[in-house]
Amino acid sequence: MMPTDPTPSPYDQDPIISFSNVKKAFGPKVIYEDCTLDIYPGETITIIGGSGTGKSVTLKMLIGLLSADSGSIKAFGTEVTHLAEPKLLPIRRRVAMLFQGAALFDSLTVAQNIKYPLREHRWGNEKKLDERVAEVLEMVGLPGSQNLKPSALSGGMRKRVGLARAIAIEPEVILYDEPTTGLDPINVRRINGLILSLQKKLNVTSIVVTHDMDACFTFTDRIALLHNRRFSFVGTQDEARASPDRYLQEFIAGGKGTLDEDVE
Amino acid sequence: MKAVLNLIAYLGALAKLSAQTLAAFIRPPWELRSLIYQLDSSGIGSWSITVLTAIFTGMVLALQFSSGLKDYGASMYTGKLVSLGIVRELGPVLTALLVGGRVGSGFAAELGSMAVTEQIDAIRALGADPVKKLVAPRVIACMIALPLLTVLADLIGCFGGMIITVQEVGVTPRFFYSQVVETLGIVDLLHGLGKSVFFGYTIGITGCFVGMNTTGGTEGVGLSTTKAVVASAIGVLVSDFLLTKLFIALYG
């Protein structure tokens, strides 16, 4: 699992996030049976897997939006599982999440949406908040959109505002839940570019859940495949390409490989 | 058996949300802006249906009692029965049922839409508490608004009763008024208002609880809206019986 390149590697450090033997079920439907994954500071890891396998559940368990049934999830050395809501605050200050549908608050303007986490985490006075809002909107390429309501934004713009809201508190880890699903190719490129540039500029650790294999290969350091209720493969891009895992190869090849086989 | 277990689970979850709401209410900072907004939209916004319900209830009661009492030659006492029925029972209960339909469904639809678009998750992820931000202002607004609306309903209901009694029985408005004042004690008023505070809580907590636990997309939002109205109506009716029993045991 260790990459062989000689550049300083995040994998020599202790993992900042680790899932060990996590089990999670919704009623009779078991999502994870024995899920183990370590995430290292500064890396970008992409979680892939079929629809409905519970990829987003990983992200939500990490910040305590869902709780694991058993096993351990550690973030920054703190055990997250079954932590009381107020004690999760410090974790949520350091780990931001971009939701699948952006989850902007409809009743608030773009600026108020971005100020929301800043206020909760006591960022500073109103002037400082305004400055920060302008700064992050500039970063996502939407300067001057402060006073728009989310209903006036396109899908791609909503995602970018969601991203601006997520990065506003300068998180150390950003969780992306299907950042490009349902967007047109231009917006897909733009969002992927943003993920890459945030990664470079802010040196954040990114965990991306996606179906988009092309995008995945442009920015990811490692890939984790969720299959049969566990991470059946975790490794670098090269390791993924070289892996004998048939299901993984089908995933990498995209729809084509499976279709050909179906025809045969 | 499963239905009983579900009911127990539902009541347990409702109790938990109530405890969280109380905790959010006790601990500052309070969401005052949100509370005032809710008081306006849920409370002041409900005055027209309250007035409409109350005036017709008062008029119908007067019609029924005046014709019923005629057989005993006692129809001049219609005012006593109408005012007692409105202030102790129908004012608070019918207001709660109507406002519950209007406001409870609104809460369920609004919070339900937020739940299915992950906005409630987002509030938590951004470091805030959805109970404090969304539930507490709504529940408290209902608990303040419902007694006030009930006072309005009591007044308008008695007024409606007066119009019909004056017409049907032929008493003077002054006679009707003196009967009302003679009959009603402060205990009767408090009996009704005490219940209405509790009804406000029932409407608010049910709408918010059903809304927050919505799953299944837009279809789920629709189901939640229906469920909130039915559940809050049942809550109001059952608690009305229990509270009436309690108040009568305490004050007669």
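Refer to the structure presented above.
Residues numbered from 1 in each chain as written. Chains lettered and ligands numbered in written order. Predicted model: local features only at pLDDT ≥ 70, side-chain atom pairs only at ≥ 80, totals over all residues.

**Here we look at the overall build of chain B**
We count it as follows: The secondary structure listing takes helices from DSSP runs of H or I that are at least 4 residues long and strands from runs of E that are at least 2 residues long, numbered from the N terminus. Remark: C-beta atoms are placed from the backbone, and a residue is labelled buried if 20 or more other C-beta atoms sit within 10 Å of its own, exposed if 12 or fewer do, or partly exposed between those counts. We call two residues in contact whenever the C-beta atoms placed from their backbones are within 7 Å.
Within chain B, the secondary structure is distributed over 9 helices and 0 strands. Each helix and strand of chain B, placed in order from N terminus to C terminus, yields the pattern α-α-α-α-α-α-α-α-α. For chain B, the residues scored as buried account for 46% of the 252 residues in total. Long-range pairs, those at least 24 residues apart, make up 88% of the contacts in chain B between residues at least 6 apart in sequence.

**Some thoughts on the overall build of chain A**
Scanning chain A for helices and strands turns up 10 helices and 10 strands. Based on the C-alpha atoms only, the size of chain A along its principal axes is roughly 60 × 45 × 40 Å. Long-range pairs, those at least 24 residues apart, make up 64% of the contacts in chain A between residues at least 6 apart in sequence.

**As for the interface of chain B and chain A**
Cut-off, in case you're wondering: Residue polarity follows a fixed list, in which Ala, Val, Leu, Ile, Met, Phe, Trp, Tyr, Cys and Pro are nonpolar, Asp, Glu, Lys and Arg are charged, and the others, Gly among them, are polar.
Contact with chain B, which involves 11 residues of that partner, is made by 16 residues of chain A. Residues belonging to the side of chain B that touches chain A are distributed by class as follows: 4 nonpolar, 3 polar and 4 charged.

**A closer look at the sheet that holds strand β2 (residues 29-39) of chain A**
Residue and element names in this part refer to chain A. So the rule is basically this: Strand pairing requires that DSSP identify at least two bridges connecting the strands.
Taken in spatial order, the 4 strands of this open sheet run β2-β1-β4-β5, and their pairing is antiparallel. Each of the sheet's edge strands pairs with one partner strand only, and the pair in question is β2 and β5 (78-79). As paired strands, strand β1 (residues 17-26) and strand β4 (residues 70-75) are joined by 5 bridges and run antiparallel to one another. Considered in β4, the bridge of Ser20 is made with Ser72.

**A few points about the nonpolar core**
Put simply, the rule reads: We call a set of buried Ala, Val, Leu, Ile, Met, Phe, Trp, Tyr and Cys residues a nonpolar core when their C-beta atoms link them within 7 Å.
Among the nonpolar cores identified, the biggest contains 125 residues, and Leu62(A), Met97(A), Ala164(A), Ile167(A), Ile174(A), Leu175(A) and Cys208(B) are the most heavily contacted of them. Counting residues per element, this core draws most heavily on helix α6 (residues 130-169) of chain B, which supplies 18 residues. With residues up to four places along the chain from it excluded, the contact list for Ala164(A) reads Ile114(A), Val136(A), Leu137(A), Met139(A) and Val140(A).

**Observations regarding the packing of α6(B) against helix α7 (residues 173-183) of chain B**
Residue and element names in this part refer to chain B. Where we set the bar: Under this scheme, a helix contributes an axis fitted over its contacting stretch, all axes are lines through C-alpha atoms, and angles between N-to-C directions fall in the 0 to 180 degree range. These descriptions rest on fixed angle ranges, namely under 35 degrees for roughly parallel, over 145 for roughly antiparallel, 65 to 115 for roughly perpendicular, and the rest for oblique. Left-handed is the label given to a crossing in which the near helix is rotated counterclockwise from the far helix by less than a right angle, and right-handed is the label when the rotation is clockwise.
Closest axis-to-axis distance for the α6/α7 pair is 10 Å, and the angle between their directions is 135 degrees. On the basis of the axis angle, α6 is oblique to α7. Note that α6 runs across α7; the crossing there is right-handed. Along its contact with α6, which presents Cys158, Met162, Thr165 and Val166, the element α7 presents Pro173, Phe176 and Val180. Residues that form the contact of α6 with α7 fall into these classes: 6 nonpolar, 1 polar and no charged.

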